[in-house]
Amino acid sequence: PLQFLDLPYSLVEVVSAWLSVIFWSLDILVTLRTGWVKSDGVVELELASIRRRYMRSWMLPDVVLVGGNWIDILVGAGNAVRILPMF
C-alpha cells in the first residue's frame, strides 16, 4: 500500500525476501520427492508417481507464486544492492 511513497528497501526486507524465496523454492524440490499415503494405507514412494501426483495438484500454483517472487527479487535487485555497502 505504501509503494507510491517509493521508500528505500531496508536490509531486513531484502534478507527476508531472499530467505522466503529460497525456502519456497527448496520446498518445491522437496515436495517432488515426498511420498504420500494411498487410500489403502500403503505409502507411495515411487518417484514417478509422486511427481505425477504433485504436477496434477499443487505444482502449478507453487511455481506461479514462487516464480513471481523470483521475478520481483530479480527486477528489484538494483534497489536491494544499494543497501549492501552499508555493512
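Conventions adopted
- Residues numbered from 1 in each chain as written.
- Predicted model: local features only at pLDDT ≥ 70, side-chain atom pairs only at ≥ 80, totals over all residues.
- Heavy atoms only, no water.
- Core = buried A, V, L, I, M, F, W, Y, C linked by side-chain atoms within 4.5 Å.
- Buried < 20%, exposed > 50% of the residue type's maximum accessible area, 1.4 Å probe, protein only.
- Helix = DSSP H or I, 4+ residues; strand = E, 2+ residues; numbered from the N terminus.
- Contact = heavy atoms within 4.5 Å.
- Axes fitted to C-alpha atoms, helices over the stretch in contact; angles between N-to-C directions.
- Parallel < 35°, antiparallel > 145°, perpendicular 65-115°, else oblique.
- Left-handed = near helix turned anticlockwise from the far one by under 90°.
- Patch = residues over 30% accessible without salt bridge, like charges linked within 9 Å, V, L, I, M, F, W, Y side chains within 5 Å.
- Areas by Shrake-Rupley, 256 points an atom, 1.4 Å probe, with all protein chains shown as cover.
- Salt bridge = Lys/Arg side-chain N within 4 Å of Asp/Glu carboxyl O.
- Arc of directions from axis to C-beta.

As for the nonpolar core
And step 1. By size, the foremost hydrophobic cluster in this structure holds six residues: V21, I28, L32, Y54, V66 and I73.
And step 2. For this core, the elements supplying multiple residues, two or more each, are α1 (11–31) and α3 (59–75).
And step 3. Setting aside residues up to four positions removed in sequence, L32 forms contacts with L47, I50, R51, Y54 and M59.

Concerning the packing of α1 against α3
And step 1. For the pair α1 and α3, the least separation of the axes is 10 Å and the interaxial angle reads 150 degrees. Relative to α3, the element α1 lies roughly antiparallel. As α1 packs across α3, the resulting crossing turns out to be left-handed. Contact residues: A17, W18, V21, W24, S25 and I28 in α1; D62, V63, V66, N69, W70 and I73 in α3.

Side note on a nonpolar patch on the surface
And step 1. On the surface, a nonpolar cluster with roughly 480 Å² of combined accessible area is contributed by W18, I22, L26, L29 and L74.
And step 2. The element contributing the most residues to the nonpolar patch is α1, with four residues.
And step 3. Residue L29 is classed as exposed on the basis of its relative accessible area of 51%.

Examining helix α2 (residues 47–56)
And step 1. Inspection of α2 places S49, I50 and Y54 among the buried residues, and these make up the whole buried set. The arc that holds every buried residue of α2, seen down its axis, measures 130 degrees, which confines them to one face. Seen from the buried face of α2, the exposed residues on the opposite side, beyond 90 degrees, are M55 and R56.
And step 2. Each element contacted by the buried residues of α2 is listed here: α1, β1 (36–37), β2 (43–44) and α3.

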